[in-house]
Amino acid sequence: MKVLFVTPELFPLVKTGGLADVSGALPLALARLGIDVKVLLPAYPGVLERLGSAEPVAFVDDLFGGPARLLAGRTATGVAVFAIDAPHLFARPAGLYLGSDGKDWGDNAQRFAALGWLGAEIGLGRLLDWHPDVVHAHDWHAGLAPAYLALSGARRPATVQTIHNIAFQGNFPARLLGELRLPPSAFRIEGVEFYSQIGFLKAGLHFADHITTVSPTYAREIQTPEHGMGLDGLLHHRAKQLTGILNGIDEMAWNPVQDPHIPSRYCDTRLADKAPNKAALQERLGLNRGIEGPLFCIVSRLAYQKGLDLALAALPDLLAGRGQLALLGTGEAGLETQFRAAAAAAPSRIACVFDYDERLSHLFQAGADAIIMPSRFEPCGLTQLYAQRYGTLPVVSRVGGLADTVIDASEAALNDGVATGFQFAPPTASALRLVLSRTFDLFAQPAAWRQVQRRAMTREVGWQRPAERYATLYRRLAA
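Summary of the structure given here.

Definitions and limits used
Residues numbered from 1 in each chain as written. Predicted model: local features only at pLDDT ≥ 70, side-chain atom pairs only at ≥ 80, totals over all residues. Heavy atoms only, no water. Helix = DSSP H or I, 4+ residues; strand = E, 2+ residues; numbered from the N terminus. Rg over C-alpha atoms; globule rule 2.2 N^0.38 Å. Buried < 20%, exposed > 50% of the residue type's maximum accessible area, 1.4 Å probe, protein only. Contact = heavy atoms within 4.5 Å. Areas by Shrake-Rupley, 256 points an atom, 1.4 Å probe, with all protein chains shown as cover. Pairing = 2+ DSSP bridges. Axes fitted to C-alpha atoms, helices over the stretch in contact; angles between N-to-C directions. Right-handed = clockwise from strand over helix to strand, strands pointing away. Polar contact = N/O pair within 3.5 Å; in protein donor to acceptor, adjacent residues only side chain to side chain. Parallel < 35°, antiparallel > 145°, perpendicular 65-115°, else oblique. Left-handed = near helix turned anticlockwise from the far one by under 90°. Nonpolar A, V, L, I, M, F, W, Y, C, P; charged D, E, K, R; others polar.

Counting its secondary structure elements, the protein contains 18 helices and 18 strands. In summary, the protein has a C-alpha radius of gyration of 23 Å against a globular reference of 23 Å for 479 residues, a match within 12%. In terms of its C-alpha atoms, the protein occupies a principal-axis envelope of roughly 65 × 45 × 45 Å. By the burial criterion, 60% of the 479 residues in the protein qualify as buried. At a minimum sequence separation of 6, the contacts of the protein that also span at least 24 residues come to 70%. Of the accessible surface of the protein, which amounts to about 18,700 Å², a share of 52% is contributed by carbon and sulfur atoms.

Here we take up the sheet that holds strand β8 (residues 171-173). In a beta sheet, neighbouring strands are held together by backbone hydrogen bonds and run either parallel or antiparallel to one another. Strand order across the open sheet formed by three strands is β8-β10-β9, with antiparallel pairing between neighbours. Bordering the open sheet on either side are β8 and β9 (193-194), each of which pairs with just one other strand. As judged from the three bridges shared by β8 and strand β10 (residues 197-199), these two strands associate in the antiparallel manner. Residue pairing for β10: Pro 173 is matched across the bridge by Gln 197. Seen against the sheet, helix α6 (residues 200-207) touches β8, β9 and β10 and runs at an angle of roughly 55° to β10.

What follows deals with the pairing of strand β11 (residues 210-213). Judged by which residues are buried, β11 turns out to be covered on both faces: His 210 and Thr 212 on one side and Ile 211 and Thr 213 on the other are all buried. With four bridges joining them, strand β7 (residues 158-163) and β11 adopt parallel strand pairing. Across the sheet, the residue bridging to Ile 163 is Thr 213, located in β11. In terms of strand pairing, β11 meets strand β12 (residues 242-244) through three bridges, oriented parallel. By the bridge assignment, Thr 213 is partnered in β12 with Gly 244.

In this section: the pairing of β7. Taking burial as the measure, the six residues of β7 include six buried ones, the bulk of the element. The side-chain alternation of β7 yields two buried faces, one formed by Ala 158, Val 160 and Thr 162 and the other by Thr 159, Gln 161 and Ile 163. In this fold, strand β6 (residues 134-138) hands off to helix α5 (residues 144-151), which returns the chain to β7; that crossover is right-handed.

So, on to the sheet that holds strand β17 (residues 393-397). Taken together, the six strands give an open sheet; going across it, the order is β15-β14-β13-β16-β17-β18, and neighbouring strands pair in parallel fashion. Both edges of this open sheet fall to β15 (350-353) and β18 (422-424), since each of them pairs with a single strand only. Strand-to-strand twist across the sheet, computed as the mean angle between neighbouring axes with direction ignored, equals 20°. In terms of strand pairing, strand β13 (residues 295-299) meets strand β16 (residues 370-373) through two bridges, oriented parallel. Opposite Cys 297, over in β16, you have Ile 371 as the bridge partner.

With that out of the way, let us pick up helix α12 (residues 358-367). With nine of ten residues buried, α12 is to be regarded as a mostly interior element. Of the residues making up α12, those classed as buried are Glu 358, Leu 360, Ser 361, His 362, Leu 363, Phe 364, Gln 365, Ala 366 and Gly 367. Residues of α12 that are buried in the fold lie against α9 (275-285), β13, β14 (324-328), β15, β16 and α13 (383-389). The backbone nitrogen of Arg 359 has a side-chain oxygen 3.2 Å away, supplied by the residue at the start of α12, namely Asp 357.

What follows covers the packing of helix α4 (residues 108-123) against α5. Viewed as axis vectors pointing N to C, α4 and α5 meet at an angle of 45°, and their least axial separation amounts to 7 Å. In terms of their interaxial angle, α4 and α5 are classed as oblique. Crossing of α4 against α5: the hand is right-handed. Between α4, through Ala 113, Gly 116, Trp 117, Ala 120 and Gly 123, and α5, the contact on the second element is made entirely by Leu 144, Ala 145, Tyr 148 and Leu 149. Its residues assigned to classes, the contact of α4 with α5 comprises seven nonpolar, two polar and no charged.

Structure representation (structure tokens):
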């Protein structure tokens, strides 16, 4: 069984969010099940250097405006990669998707059409001797791959489209249809047309043989007008071809027993060894080490989706309960300004690092007592899975994958020994205040708190079960 992943990101080569972690870890889990996965992604600046020795395996004279090479190599973790070396599309000094002015690159349609088109060409056997049985497109950036394959009229592999976050859809002007190598007949409702534009994600959802998303609850939510972002009708229509499969995490990279990024390693039977990490985080951020209450952390994009305005509204209650807050993240300027002001007003209790720092995020996870994730919607979320692995109890809104991966510390769950964190609903400031009160109450009971920590740390959060479900899906589609 051969599977081609088509994705815009892959850890450890390039990452802006959880999609890169999935693209980096799932192929390794699938390989253990006998599936040959190769990953196609753009060669952004730095990718080829991190890939090491990569060999050219194909050449394209005109890839949406210029020549390109396809290079084959392996990541340091062992994932087989095809990197698209097309400097006219991907050699940009700023972000993957945005320029230095914070706006989308003006040719993002062509850049990611190129990704999908090459995925289809590999799938059709036109570029390489290696022919996949399944082409698996990830998020809107790869959404045209299933479309190009279906519209080719040729014998093709099976296709899967995964929605990692339906809020990002990749919609572009209709006038680009010919430039994107799409036939006029494709511009219809039963095609790539989406509210008079070309919808990359819409195309993938319509043309793919099967659709997956990253949690069962999110699969149900996106079939509703509230969460479907205009695609709920199509998803409801294709409900029989829509599956929610929970993400896992890389249990080698996120393991407090052997984590090189934390000063004190520990496990569920040595919870006392977690305490030095809290002290180290407090010292690094200038927080008062004499505070008896819990140290909460937030590791997140600063965005409305993530509900961080709710966390701001609940800060007075957090401080009144003798808690502390450590924040790591970057994003919307308005949220950053408000958190900066809160930290300035209470510097011994609130500290913020406005940055993306993969290594530091490990210390946050190991050093905090609890992590706050008040998302308004959350397809799956990996942060709460990392937190549970580190005995840092998640405080989450009951949406999407957060609802599926955290067992609320209700009285019944505590009595049965199955609780792994705290849930609240709806995603409002008042509901968050109430769940913080419950968190403080449990923290004041050390034995009960440790019981929940141990259960959270021993949950199965790796990729084995999700990979088995994907493998079953691939085999069924390929057959």
